[in-house]
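The lines below spell out each chain.
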Amino acid sequence: EDPPRHPCVWRARARAMATQKERRKIAEQMAEEKTRRDRERKEFQERQELEGLKRAFKRLDKKNDGRLDSEELSEELGFLEYKVTKDELNEIIWEIDDDDDNAVDWEEFKTAFYRARDDKTGYEP
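It should be emphasised that the depicted structure is a prediction, and the values quoted were computed from it without experimental measurement. (Residues numbered from 1 in each chain as written. Predicted model: local features only at pLDDT ≥ 70, side-chain atom pairs only at ≥ 80, totals over all residues. Heavy atoms only, no water.)

(A) Structural view of the overall build of the chain. When you go through the chain residue by residue, the secondary structure sums to four helices and two strands. Burial analysis of the chain (125 residues in total) assigns 18% to the buried set. Counted over contacts in the chain with a minimum sequence separation of 6, partners at least 24 positions apart contribute 39%. Taken as a whole, the chain presents about 10,500 Å² of accessible surface, with 52% of it coming from carbon and sulfur. (Helix = DSSP H or I, 4+ residues; strand = E, 2+ residues; numbered from the N terminus. Buried < 20%, exposed > 50% of the residue type's maximum accessible area, 1.4 Å probe, protein only. Contact = heavy atoms within 4.5 Å. Areas by Shrake-Rupley, 256 points an atom, 1.4 Å probe, with all protein chains shown as cover.)

Rendered as structure tokens:
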């Protein structure tokens, strides 16, 4: 097809192309904005989850020593009316205790939480 000879037709086509180009740019900007908002929402939710986890750990840590031992765990489970034997308590702690000090510190607690939360197999307690 021959290009239009009249300048008005050419300008109209150029305007339509520019508008389409602008629309595409706006759509890209909107997609980038949505991606940014989604990332920020996820980061905010992760921070909220971590703060809640810290509060739970502090609530369990009755001795305020940064560790959960079998006595503290037993007390909390008893408060929740969940009866466990001494052997069961030791097994719970053993499962989470990475440094073998017979207690669960904040990092071990956090690791166990994320491991259980992200488990797709169903094997984590």
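(B) The arrangement of the pattern of salt bridges in detail. Under the defined criterion, the tally for this structure stands at 15 salt bridges. Among the ionic pairs, Glu-33 bridges to Arg-36, the shortest N-O distance being 2.3 Å. Note that Glu-33 and Arg-36 are positioned in helix α1 (residues 7-60) at a spacing of three residues, about one turn of the helix. The salt bridge involving Arg-39 is made with Glu-43; its shortest N-O contact spans 3.8 Å. Linking Arg-39 with Glu-43, this pair stays in helix α1, spanning four residues, or about one helical turn. One salt-bridge network, held together by shared partners, links Glu-33, Arg-36, Arg-37 and Glu-40. (Salt bridge = Lys/Arg side-chain N within 4 Å of Asp/Glu carboxyl O.)

(C) Region of interest: the packing of helix α2 (residues 70-79) against helix α3 (residues 86-96). Their axes nearest at 10 Å, the elements α2 and α3 cross at an angle of 115°. In terms of their interaxial angle, α2 and α3 are classed as roughly perpendicular. Handedness of the α2/α3 crossing: right-handed. Here Ser-70, Leu-73, Ser-74 and Leu-77 of α2 lie close against α3, whose contacting residues are Lys-86, Leu-89, Asn-90, Ile-92 and Ile-93. When grouped by side-chain class, the residues that make up the contact of α2 with α3 number five nonpolar, three polar and one charged. (Axes fitted to C-alpha atoms, helices over the stretch in contact; angles between N-to-C directions. Parallel < 35°, antiparallel > 145°, perpendicular 65-115°, else oblique. Left-handed = near helix turned anticlockwise from the far one by under 90°. Nonpolar A, V, L, I, M, F, W, Y, C, P; charged D, E, K, R; others polar.)

(D) Up close: the nonpolar core. Judged by nonpolar contacts, the single largest core of 13 residues is most densely connected at Phe-57, Leu-68, Leu-73, Val-104, Trp-106 and Phe-109. Contributing elements (two or more residues each) for this core: α1, α2, α3 and α4 (106-118). Each residue touching Val-104, except ones within four places of it in the same chain, is listed here: Phe-57, Gly-66, Arg-67, Leu-68, Ile-93, Ile-96 and Phe-109. (Core = buried A, V, L, I, M, F, W, Y, C linked by side-chain atoms within 4.5 Å.)

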